[in-house]
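Examination of the molecular architecture
Residues per chain, in single letters:
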Amino acid sequence: LAAGVPLESYQVDLNTMLGTLQRDTPARVYVANLPDLTFLPAFDNRDRAELSAEVQRWNDVIAASVTAHDAVLVDLFVGWTELRDQRQSYVSRDGLHPTSRG
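Residues numbered from 1 in each chain as written. Predicted model: local features only at pLDDT ≥ 70, side-chain atom pairs only at ≥ 80, totals over all residues. Heavy atoms only, no water.

In globular proteins that are soluble, nonpolar side chains generally tend to be buried together. Among the nonpolar cores identified, the biggest contains twelve residues, and these are Leu1, Leu7, Leu34, Leu37, Leu40, Phe43, Leu51, Val55, Trp58, Val61, Trp80 and Val91. Ranked by the residues each element gives to this core, the list is headed by helix H2 (residues 48-68), at four residues. (Core = buried A, V, L, I, M, F, W, Y, C linked by side-chain atoms within 4.5 Å. Buried < 20%, exposed > 50% of the residue type's maximum accessible area, 1.4 Å probe, protein only. Helix = DSSP H or I, 4+ residues; strand = E, 2+ residues; numbered from the N terminus.)

The first and last C-alpha atoms of helix H1 (residues 7-24) sit 25 Å apart over 18 residues, in line with the 26 Å expected at 1.5 Å per residue. The set of residues buried in H1 consists of Leu7, Leu14, Leu18 and Gly19. Viewed end-on, H1 has its buried residues packed into an arc of 125°, placing them on one side of the element. The exposed residues of H1 that point more than 90 degrees off its buried face are Val12, Asp13 and Arg23. (Expected span 1.5 Å × (residues − 1). Arc of directions from axis to C-beta.)

So, about the packing of H1 against H2. Between H1 and H2, the least distance of the axes is 10 Å, while the angle of their chain directions is 20°. The angle between the axes of H1 and H2 places the two elements in the roughly parallel class. Of the two possible hands of crossing, H1 and H2 adopt the one that is right-handed. The residues of H2 that touch H1, namely those facing Leu7, Tyr10, Gln11, Leu14, Asn15, Leu18 and Gln22, are Arg57, Trp58, Val61, Ile62, Ser65, Val66 and Ala68. A per-class count over the contact of H1 with H2 returns nine nonpolar, four polar and one charged. (Axes fitted to C-alpha atoms, helices over the stretch in contact; angles between N-to-C directions. Parallel < 35°, antiparallel > 145°, perpendicular 65-115°, else oblique. Left-handed = near helix turned anticlockwise from the far one by under 90°. Contact = heavy atoms within 4.5 Å. Nonpolar A, V, L, I, M, F, W, Y, C, P; charged D, E, K, R; others polar.)

Bringing the side chain of Asp36 into the picture now. Counting through the fold element by element, Asp36 comes out in the loop between strand E1 (30-32) and H2. Comment: no salt bridge for buried Asp36; closest opposite-charge side chain is Arg48, at 5.7 Å. Of the polar contacts made by the side chain of Asp36, one reaches the side chain of Thr38; its length is 2.5 Å. (Lys, Arg positive; Asp, Glu negative; His and termini not counted. Salt bridge = Lys/Arg side-chain N within 4 Å of Asp/Glu carboxyl O. Polar contact = N/O pair within 3.5 Å; in protein donor to acceptor, adjacent residues only side chain to side chain.)

Now for H2. Over its 21 residues, H2 extends 30 Å from the first C-alpha to the last, a length consistent with the 30 Å expected when each residue adds 1.5 Å. Restricting attention to buried positions, one finds in H2 the residues Leu51, Glu54, Val55, Trp58, Asn59, Val61, Ile62, Ser65 and Val66. End-on view of H2: buried residues confined to an arc of 155°, all on one side of the axis. Summarising the geometry of H2, the exposed residues directed more than 90 degrees from the buried face are Ala49, Glu50, Thr67 and Ala68.

Take the pattern of salt bridges next. Enumeration over the complete set of coordinates arrives at three salt bridges. Taking the shortest distance from any N to any O, the salt bridge between Asp24 and Arg23 comes out at 3.1 Å. For Arg23, a relative accessible area of 60% gives the class exposed. Arg46 is paired through a salt bridge with Glu54; the nearest N and O atoms lie 2.5 Å apart.

A word on the packing of aromatic side chains. Under the counting rule described, the total for this entry stands at one aromatic pair. Look at Tyr10 and Trp58: their rings are 5.0 Å apart centre to centre, the planes differ by 40°, and that puts the pair in the tilted class. Linking Tyr10 in helix H1 with Trp58 in helix H2, this pair joins segments that are 48 residues apart in sequence. Residue class for Tyr10 comes out partly exposed when judged on its relative accessible area of 25%. (Phe/Tyr/Trp six-rings, centres within 6.5 Å; stacked < 30°, edge-to-face > 60°.)

Put into structure tokens, the structure is as follows:
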């Protein structure tokens, strides 16, 4: 999302990757979804409601792919609720990536 990749392209790539891993390996695959990006400084210039809806669309695609390929979802969206209160110590200077504490 941050790199401007279209959701449809991401979905195709994710399904291809997960399908290949499921078919060709015995690996247990874990896939993280997107955290609530409205808490990240890198997205402060975006409309919060639009960004929230976009994150939900991406997370819906990720969840569907995870289910279809018997992977495990790592739910960063739910897990990052404390980010709201810890934004300065959890987010690096670039406003996007976590610090070592984050």
